[in-house]
Each structure stands twice: as structure tokens, then as C-alpha cells.
Amino acid sequence: YMAKFVQQIYQRIKQKVLFPIYSKLNHLPSKALRSRVTKVKLTFIVILLPPLCCLTIFGPDIVRFLYPPEFYDAGWMLQILAAGLIVQISSEIGPFYLAYGNSFLMMQILAIRTVLLLGGMIIGVMIADKVGLIVGIAASNLLLYPFQVWIYRRYSLWIAQLDALGLFGSATIIGAGLWLRNQFP
């Protein structure tokens with residue numbers, strides 16, 4: 001539920017804030033839109049990735065603290081799903097296509113996302129049962145990334161430095177956090 005909570009906040013912000021912002025920016029050239037996208041993406045990285053890193057590092061501990069023993073298995077699930085959200089938030093820029101009046105692109109992105117999610121879940125279950133299912137859900141965000149890059153580059157809106165900051169910065173923090181957590185159990 002905790003990883004879902006962060007995802008719901010992200011989705012709400014996209015719907016309530018980014019949709020209106022991008023729909024009002026249709027007059028801007030792509031360079032000016034890129035500047036706005038950079039600010040929005042950096043804000044998401046700074047606000048949403050730290051709690052997701054904490055959930056990824058301390059997922060089992062948080063679940064053990066908040067829930068009775070029959071729910072302890074959810075700790076590793078929380079870690080994996082939070083890591084998948086890190087990929088999603090690090091790689092997305094929101095509904096920029098509205099600025100160009102291209103709602104068809106939204107449908108294409110949603111279709112690709114759905115196919116990758118279902119495919120990841122099915123393949124995951126076939127390979128590793130419930131663990132594979134959870135990993136497949138999280139991995140779908142990573143599998144979507146090349147498609148996002150291809151689309152964003154077409155509009156000159158791919159910001160590789162921010163992707164790297166979100167992904168590699170989070171990976172470094174999580175790696176260090178997991179190492180420290182294991183040193184001091």
C-alpha cells in the first residue's frame with residue numbers, strides 16, 4: 001500500500017497539475033517546453049524518489065513494524081514495487097503530448113505500457129510464481145524506458161542527465177542503504 005500511495009500521489013500530480021500546465025504550453029517552441037519539462041522532472045525526482053528509496057531499503061522493516069506477522073512477506077514486495085516506481089518516476093516527463101495536441105500518442109504509450117505490464121506479469125509468473133509476478137510488474141517500467149526515450153527524442157524532450165540522476169542516484173543510495181542495513185541489523 002505504501003508504494004501504491006506514492007504512485008497515487010504521482011498520478012494525482014500528473015492529472016491535476018501537469019495536464020493543465022502542458023495543455024497551456026502549446027504555443028511554446030520545443031526549447032522552451034524542454035525547460036519547463038526539466039523543472040517538472042527535477043521536482044518529481046527531488047520530492048518523490050527519497051521516500052521510494054526509503055521504502056526500497058527498509059521495506060521489510062516497515063512492514064514488520066506496521067503489520068502482524070502474517071503480512072511480513074509483503075516487505076520484499078514493497079521493496080521491489082518501490083524500485084519499479086523509481087524507474088517510472090525517473091524516466092517519465094508527464095503528458096507533454098497535450099502541448100502538441102497529440103492525444104493519440106497518449107493512447108499509444110498506454111497501450112505499450114499495458115502490453116509490457118501484462119507481458120512482464122505473465123512471464124514472471126511462468127518463471128518464478130509470485131516473486132516473478134512482482135518482479136514483472138516492477139520490470140515493466142524498465143522495459144518501457146527505451147520506448148519513452150524514442151518518443152521523447154522525437155520531440156527534443158529527452159533529458160538524459162535527469163534520467164541518470166534519478167536512476168543512478170537512487171541505485172547508489174539504495175545500494176549504500178542496503179549495505180549499511182545489513183552491517184547493522
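Just so you know, these numbers come straight off a predicted model, no measurement behind them.

1. Things to note about the overall build of the chain
Argument step 1. Across its full length, the chain carries 5 helices and 0 strands.
Argument step 2. Across the chain, helices and strands are ordered from the amino to the carboxyl terminus as α-α-α-α-α.
Argument step 3. The C-alpha radius of gyration computed for the chain amounts to 17 Å, which stays within 12% of the reference 16 Å derived for 185 residues, consistent with globular compactness.
Argument step 4. Overall, the chain is about 55 × 35 × 25 Å in size when its C-alpha atoms are taken along their principal axes.
Argument step 5. Here the chain, with 185 residues, has 39% of them falling under the buried criterion.
Argument step 6. Taking as baseline every contact in the chain between residues at least 6 positions apart, the subset at least 24 positions apart corresponds to 78%.
Argument step 7. Of the roughly 10,500 Å² of accessible surface on the chain, 71% is carried by carbon and sulfur atoms.
Argument step 8. Once the 16 positive and 6 negative side-chain charges of the chain are each reduced to a mean point, those two points are 19 Å apart.

2. Structural notes on the packing of helix H2 (residues 30-66) against helix H5 (residues 160-183)
Argument step 1. For the pair H2 and H5, interaxial distance at closest approach is 10 Å and the crossing angle is 20°. When the axis of H2 is compared with that of H5, the two are roughly parallel. Here H2 runs over H5; the crossing is right-handed. Residues Thr38, Lys41, Leu42, Ile45, Leu49, Cys53, Thr56, Ile57, Phe58, Pro60, Asp61 and Arg64 of H2 lie in contact with H5, whose contacting residues are Leu162, Asp163, Leu165, Gly166, Ser170, Ile173, Ile174, Gly177, Leu178 and Arg181.
Argument step 2. Looking at the contact of H2 with H5 residue by residue, the class counts come to 12 nonpolar, 5 polar and 5 charged.

3. Thoughts on the pattern of salt bridges
Argument step 1. According to the stated counting rule, one finds 5 salt bridges in the structure shown.
Argument step 2. Residue Arg181 is joined to Asp61 by a salt bridge in which the shortest nitrogen-to-oxygen separation is 2.6 Å. Of this pair, Arg181 sits in helix H5 while Asp61 sits in helix H2; the two residues are 120 residues apart in sequence, bridging distant segments of the chain.
Argument step 3. Note that Arg113 and Glu92 form a salt bridge whose closest N and O atoms lie 2.2 Å from each other. In this pair, Arg113 sits in helix H4 (residues 103-154) while Glu92 sits in the loop between helix H3 (74-91) and H4, placing the two residues 21 residues apart along the sequence.
Argument step 4. Glu92 gets classed as buried once you look at its relative accessible area, which sits at 5%.

4. Section: the confidence of the model for the chain
Argument step 1. Per-residue pLDDT for the chain has a mean of 90; in total, 99% of the residues score no lower than 70.
Argument step 2. Element-level pLDDT for the chain is lowest in helix H1 (residues 2-23), with a mean of 78, against a maximum mean of 96 in H5.

5. A short note on the nonpolar core
For soluble globular proteins, nonpolar side chains are generally found buried alongside one another.
Argument step 1. Counting 37 residues, the largest nonpolar core has Tyr22, Leu52 and Phe96 as the members making the most contacts within it.
Argument step 2. Put simply, the parts of the chain that give this core at least two residues each are H1, H2, H3, H4 and H5.
Argument step 3. Here this core takes 12 residues from H2, the largest share from any one element.
Argument step 4. Setting aside its immediate chain neighbours within four residues, Tyr22 contacts Leu33, Val37, Val40, Ile93, Gly94, Pro95, Phe96, Leu98 and Ala99.

6. Some points on H3
Argument step 1. Between its first and last C-alpha atoms H3 spans 26 Å; for 18 residues at 1.5 Å apiece the expected length is 26 Å, and the two agree.
Argument step 2. For H3, a buried count of 13 out of 18 residues is recorded, marking the element as mostly surrounded by other parts of the structure.

7. Describing the environment of Leu55
Argument step 1. Counting through the fold element by element, Leu55 comes out in helix H2.
Argument step 2. Leu55 gets classed as buried once you look at its relative accessible area, which sits at 8%.
Argument step 3. With 119 residues separating them along the chain, Leu55 and Ile174 place their C-alpha atoms 9.5 Å apart.

8. Considerations on the packing of aromatic side chains
Argument step 1. Tallied over the full model, the rule gives 5 aromatic pairs.
Argument step 2. Residues Tyr10 and Phe44 carry aromatic rings whose centres are separated by 4.9 Å and whose planes lie at 80° to one another, so their mutual orientation is edge-to-face. With Tyr10 in helix H1 and Phe44 in helix H2, this residue pair connects regions lying 34 residues apart in the sequence.
Argument step 3. A relative accessible area of 6% places Phe44 in the buried class.
Argument step 4. Centre to centre, the rings of Phe96 and Tyr152 are 5.6 Å apart; their planes meet at 80°, and the pair counts as edge-to-face. A residue pair is termed long-range when its members are at least 10 positions apart, and Phe96 in the loop between H3 and H4 and Tyr152 in helix H4 qualify at 56 residues.
Argument step 5. For Phe96, a relative accessible area of 0% puts it in the buried group.
Argument step 6. Overall, the relative accessible area of 5% leaves Tyr152 in the buried class.
Argument step 7. Of note, Arg154 hangs over the ring of Trp150, and the distance from its end group to the ring centre comes to 4.9 Å.

About the thresholds
Residues numbered from 1 in each chain as written. Predicted model: local features only at pLDDT ≥ 70, side-chain atom pairs only at ≥ 80, totals over all residues. Heavy atoms only, no water. Helix = DSSP H or I, 4+ residues; strand = E, 2+ residues; numbered from the N terminus. Rg over C-alpha atoms; globule rule 2.2 N^0.38 Å. Buried < 20%, exposed > 50% of the residue type's maximum accessible area, 1.4 Å probe, protein only. Contact = heavy atoms within 4.5 Å. Areas by Shrake-Rupley, 256 points an atom, 1.4 Å probe, with all protein chains shown as cover. Lys, Arg positive; Asp, Glu negative; His and termini not counted. Charge placed at Lys NZ, Arg CZ, Asp CG, Glu CD. Axes fitted to C-alpha atoms, helices over the stretch in contact; angles between N-to-C directions. Parallel < 35°, antiparallel > 145°, perpendicular 65-115°, else oblique. Left-handed = near helix turned anticlockwise from the far one by under 90°. Nonpolar A, V, L, I, M, F, W, Y, C, P; charged D, E, K, R; others polar. Salt bridge = Lys/Arg side-chain N within 4 Å of Asp/Glu carboxyl O. pLDDT = per-residue confidence, 0-100. Core = buried A, V, L, I, M, F, W, Y, C linked by side-chain atoms within 4.5 Å. Expected span 1.5 Å × (residues − 1). Phe/Tyr/Trp six-rings, centres within 6.5 Å; stacked < 30°, edge-to-face > 60°. Lys NZ or Arg CZ within 6 Å of the ring centre and 35° of its normal.

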